[in-house]
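Now for the letters of each chain:
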Amino acid sequence: MSTLLVLVTQLFGRREPQPPVAKRIHLETSGQASSTIFLVMRRMRAPLIILIVIFSISVVGLSVIPGIDPDGRVARVSLFDAFYFMSYTATTIGFGELPWPFTAEQRLWVTFTIYLSVIGWAYAIGSLLTLIQDRSFRQALALQRFTRKVRRLREPFLLLAGYGRAGELLAEDFDSLGQQLVVIDESSDRIDALELGSFHADIPGLVADAANPHHLSAAGLDHPFCAGVLALTNDDETNLAVTMAAALLRPDLPVVSRTVSAPVAERMHAFGTPRVVNPFDRFGEHLGLALHAPASYQLLTWLEAGPGAELPERGDPPTDGRWVICGYGRFGREVTSDLRAAGLKVTIIESADARRDVAGEPEPGVIVGDASDPDTLAKADLGSAAGLVAGTDNDTTNISMLATARRMNPDLFLAARQNRPTSAALFKAMAVDALLVPTEVVAHEVYALVSTPLLWRFLQEMPARGDAWAAELIGRLRHSCGRELPALWRVQLDAKQAPALGDWLSGGAVGLGDLLRSPEDRERRLKAVPLLLLRKGEAHLLPDGDTVLAPEDELLFAGQSSERRELESTLVVDSTAAYVLFDQHLPSSWLWRKLSRTAVAAPPAPTAADAADVEAGQPRK
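Residues numbered from 1 in each chain as written. Predicted model: local features only at pLDDT ≥ 70, side-chain atom pairs only at ≥ 80, totals over all residues. Heavy atoms only, no water.

Strand order in the open sheet formed by six strands is β5-β4-β3-β6-β7-β8, and the pairing between neighbours is parallel. Unpaired on one side and paired on the other, β5 (205-207) and β8 (275-277) mark the two borders of the sheet. Each adjacent strand pair in this sheet contributes to an overall mean axis angle of 15 degrees, direction not counted. Of the strand pairs in this sheet, strand β3 (residues 157-161) and strand β4 (residues 180-185) are connected by five bridges, and their pairing is parallel. Of the residues in β4, the one forming a bridge with Leu160 is Val183. Here helix α20 (residues 438-451) sits on the sheet in contact with β3, β6 (226-231), β7 (255-258) and β8, set at roughly 170 degrees to β7. (Pairing = 2+ DSSP bridges. Helix = DSSP H or I, 4+ residues; strand = E, 2+ residues; numbered from the N terminus. Axes fitted to C-alpha atoms, helices over the stretch in contact; angles between N-to-C directions. Contact = heavy atoms within 4.5 Å.)

See the structure below:
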């Protein structure tokens, strides 16, 4: 009964999202969407004119040539009869209905017009087939179909620019959550892969340049149900253009953008407040965290992997010593900066070409040469090094230098950058200690940012708590949920998501420990771990059971789906909340409560001291 009430409340409590009220600029796309009609008319103009001329000459000629009626008198076919006859003759229907038998002259004219119409139809059909195969026509047709699909959407959707590996992973994750997407990518192969994907929802996809604001508008940028923009192409300039267009045309929308360039990231931040994800910078931070706080790094990677992920093994990287960086491009610079910030010495190996590109910016401790050459690696004295980072943009080169380095020093900590998904099996066989897959880093961070914003807040503040704290939390999650990461969900204690709590929240009568009792047996605690409490913008990590909850509090939980359903029952059903919080047994129905004159006991009016305790997050006395 309680489950049914939960479902009914959720169904009738849902409201359609309202169109954003922020001022925005509308880009007209109807001309693009209707360009198919104009293209057809332009390409088929000559064939249609020829058919009309042939048909007109045939009708007029047949009506002019005299014939003989059944009485032997000279008669002519009317224009209507000639039009009727030529219509079923030219279309090869051939009814055979005639006003009277034709004369030889009329039959000769009809024969001539038949062959003439065949030529005209052949020309028209050939032109039509050529038009169908024309690339511009197919693009216009696809744009019209795509625009129509987007225009008919009546649920919040995310506009995804770029359907590479990161976009593919995000599409799978968001589709499993029931989140609608609209995809735009310049590669037809990727859009074909999207259409062939086994998704629950129909995801519209368009082959177009995402940097073009008109294409973004056609993809739903100005749609009232557009809930956000994800700029995840492989080109930084395109991502910057998408970020600019979203900030200028729809300043009310949240934007998440990908880049590997610090200057481009600064230019993105000049337009509103987009969330910029730099996988190179993030890997450097993760590597530094793994060196000094392995338990925190283990927890971070586990939570970012998403529900169902196995708990990764806790690494034991070297905390001191010298590191060798092979490949001093954007990735190498980010990692070098983070390692030096951690107080570690770094030796850099870069090619002569890369060295010439950065002339005028000398870097101490640089070895110029090919990092995949054993002689070059020997100059770096790998025997005395603690770790090596293979960070070039070529997977074959990275794997080659990893194999050489391991042969020179089997105890070396190896970190590498994987550029192509097809190389995953090779890096796995190499048993790399730390692996950067930029697309996966981007996908995990964007998923955490968009699907569960409280999780992102938790991940940002978690490292400051220390390694022992992270290890304790991992043990708590394993004890409650096992080695597979459970579902993560957010609850806001307001009238929509927690109507059963009512005035108890304002009175400071709801403690977190009491809320996490089972509706079936309040002596049993739900196996749900509260990860974060957000109150008035201030985050409290791992709140304990004595924490007093207040209206509008936001909570992030980790637990199995069954535990989530039981908690939702407490939040929604009055009788369940009364039993769980105060051990009161009340009728489940409002009508039965009225008939039995039983009401939910209200808490005593809070005193000034109680209000101060609630504000401070302390239990009422």
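Position of Cys481 among the secondary structure elements: in helix α22 (residues 467-481). The exposure class assigned to Cys481 is buried, which follows from its relative accessible area of 11%. Between the C-alpha atom of Cys481 and that of Gln560, which follows or precedes it by 79 residues, the distance is 6.9 Å. In this structure Cys481 touches Pro486, Lys527, Ala558, Gly559 and Gln560, once residues within four positions along its chain are discounted. (Buried < 20%, exposed > 50% of the residue type's maximum accessible area, 1.4 Å probe, protein only.)

A word on the pattern of salt bridges. All chains considered together, the criterion is met by 18 salt bridges. The partner of Asp202 in a salt bridge is Lys149, with the nearest N and O atoms 3.5 Å apart. Here Asp202 is found in the loop between α9 (188-196) and β5, whereas its partner Lys149 is found in helix α7 (residues 135-151), with 53 residues between them in sequence. For Lys149, a relative accessible area of 36% gives the class partly exposed. Taken together, the shared-partner salt bridges in this structure form one network comprising Asp69, Asp71 and Arg73. (Salt bridge = Lys/Arg side-chain N within 4 Å of Asp/Glu carboxyl O.)

Here we take up the packing of helix α5 (residues 79-90) against helix α6 (residues 104-133). Remark: α5 packs on α6, axes separated minimally by 10 Å, with the N-to-C direction vectors making an angle of 55 degrees. Taken together, the axis directions place α5 and α6 in an arrangement best described as oblique. In the crossing of α5 with α6, the sense of the turn from one axis to the other is right-handed. Every residue of α6 that contacts α5 at Phe85, Met86, Thr89 and Ala90 is listed here: Val110, Thr113, Ile114, Ser117 and Trp121. (Parallel < 35°, antiparallel > 145°, perpendicular 65-115°, else oblique. Left-handed = near helix turned anticlockwise from the far one by under 90°.)

On the surface, Arg145, Arg148, Arg151 and Arg152 cluster together into a patch of positive charge. Inspection of the secondary structure assignment puts Arg152 in the loop between α7 and β3. Take Arg152: its relative accessible area is 60%, and that puts it in the exposed class. (Patch = residues over 30% accessible without salt bridge, like charges linked within 9 Å, V, L, I, M, F, W, Y side chains within 5 Å. Areas by Shrake-Rupley, 256 points an atom, 1.4 Å probe, with all protein chains shown as cover. Lys, Arg positive; Asp, Glu negative; His and termini not counted. Charge placed at Lys NZ, Arg CZ, Asp CG, Glu CD.)

What follows covers the side chain of Glu304. One can find Glu304 in helix α14 (residues 294-305). Excluding anything up to four places from it in sequence, Glu304 contacts His286, His444, Glu445 and Leu459.

Once that is clear, we can look at the sheet that holds strand β14 (residues 434-436). Paired through their backbone hydrogen bonds, the strands of a sheet run either parallel or antiparallel. Sheet architecture is open: six strands sit in the order β11-β10-β9-β12-β13-β14, paired in parallel fashion. Since the sheet does not close on itself, it has two edges, and those belong to β11 (366-368) and β14, each with one partner. With strand direction ignored, the average angle separating the axes of adjacent strands in the sheet is 15 degrees. Strand direction decides the pairing type here: strand β10 (residues 345-350) and β11, joined by three bridges, are parallel. Across the sheet, the residue bridging to Glu350 is Val368, located in β11. The strands touched by helix α13 (residues 279-292) are β9 (322-326), β12 (387-390), β13 (413-417) and β14; relative to β14, the strand with the most contacts, the crossing angle is about 165 degrees.

This next bit is on a nonpolar patch on the surface. A surface patch of nonpolar side chains, amounting to about 460 Å² of accessible area, comprises Trp121, Ile125, Leu128, Leu129 and Ile132. Mapped onto the secondary structure, Leu128 falls in helix α6.

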